[in-house]
Amino acid sequence: MLFGQEDMSRLVNFYVRMLEKRPLVSQALISGFLMTAGDVTSQLLIEKKTVKEFSIKRSAKFLVFGTLLVGPALRKWYAFLDAFVKRPAPIGVFAKMAMDQLLFGPAFIGVFLSTMTYWTTYSTDAVVCKLENDYKNVLFTSYKIWPVTQLINFYIIPLQHRILFVSTVAYFWNTYLAYKTSSQ
């Protein structure tokens, strides 16, 4: 076995200590790591690339995007939602989920598709084409996953652990996004 129960316990304790000392860095790194893991999974298991075909450069883009944009953006967004929505559960939970799905989700998908396409093609025409062809499909697919995920996130998960929870669910979502952005 790669990790025993004791190893996992140490890893969780390390994460909690880092989260207390450096919450932004910890959450950014988790987002970057899990976005990269989603891309690696997409390349190897879905796209069935060989080791020779595997694009380290593409995975590095996911690492940079997740670490520098997604982690910090989610941290600020969740803090904003907690400060802005003062209603108790269940109304407050539904309000946060609705705001997340109607404001953050659509904007994030647009930024993600645009950034990854541009980093791959360096063409604004390709970005426009990607948005025209894939934006609605990706957005509607997100509505099959994220509303329920965010209801759980906002109702059960403490603020300091929300990015870890969402990033764990997002591992599967990122695998899908990696596949969608790689298909031209």
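J.: Would you mind showing me how to read the packing of helix H3 (residues 56–84) against helix H6 (residues 162–182) here?
T.: Between two packed helices, the angle of one axis relative to the other and the distance separating the axes together describe the packing. Across the interface, H3 lies against H6 with an axial gap of 12 Å and an inter-helix angle of 135°. Compared by their axis directions, H3 and H6 come out oblique. For H3 against H6, the interelement crossing comes out right-handed. Touching Arg58, Phe62, Gly71, Leu74, Arg75, Tyr78 and Asp82 of H3 are Arg162, Ile163, Val166, Asn174, Ala178, Thr181 and Ser182, all from H6. By residue class, the composition of the contact of H3 with H6 is six nonpolar, four polar and four charged.

J.: Looking at this model, I keep getting lost on the pattern of salt bridges. Mind explaining?
T.: Oppositely charged side chains can pair when the atoms bearing their charge come close. Applying the stated criterion across every chain yields a total of nine salt bridges. A salt bridge links arginine 10 to glutamate 6, with the shortest nitrogen-to-oxygen separation between them at 2.7 Å. In this pair, arginine 10 and glutamate 6 are both assigned in helix H1 (residues 5–21), four residues apart and thus about one turn of the helix distant. One salt bridge in this structure joins lysine 130 and aspartate 134, with 3.0 Å as the shortest N-O distance. Of this pair, lysine 130 and aspartate 134 both sit in helix H5 (residues 124–156), separated by four residues, roughly a single helical turn. For the residue pair lysine 130 and aspartate 134, the accessibility class agrees, reading buried in each case.

J.: Even after reading the chapter, I still don't get the nonpolar core, so can you show me in this structure?
T.: Side chains of nonpolar character tend, in soluble globular proteins, to be buried together. In this structure, Phe65, Leu74, Tyr78, Phe108, Ile109 and Phe112 are the most contacted members of the largest nonpolar core, which totals 28 residues. Looking at this core, the elements that each hand over two or more residues are H3, helix H4 (91–121), H5 and H6. The element best represented in this core is H4, accounting for nine residues. In contact with phenylalanine 65, not counting residues within four places along its chain, are Met35, Val70, Phe108, Val111, Phe112, Thr115, Met116 and Trp119.

Cut-offs and rules
- Residues numbered from 1 in each chain as written.
- Predicted model: local features only at pLDDT ≥ 70, side-chain atom pairs only at ≥ 80, totals over all residues.
- Heavy atoms only, no water.
- Axes fitted to C-alpha atoms, helices over the stretch in contact; angles between N-to-C directions.
- Helix = DSSP H or I, 4+ residues; strand = E, 2+ residues; numbered from the N terminus.
- Parallel < 35°, antiparallel > 145°, perpendicular 65-115°, else oblique.
- Left-handed = near helix turned anticlockwise from the far one by under 90°.
- Contact = heavy atoms within 4.5 Å.
- Nonpolar A, V, L, I, M, F, W, Y, C, P; charged D, E, K, R; others polar.
- Salt bridge = Lys/Arg side-chain N within 4 Å of Asp/Glu carboxyl O.
- Buried < 20%, exposed > 50% of the residue type's maximum accessible area, 1.4 Å probe, protein only.
- Core = buried A, V, L, I, M, F, W, Y, C linked by side-chain atoms within 4.5 Å.

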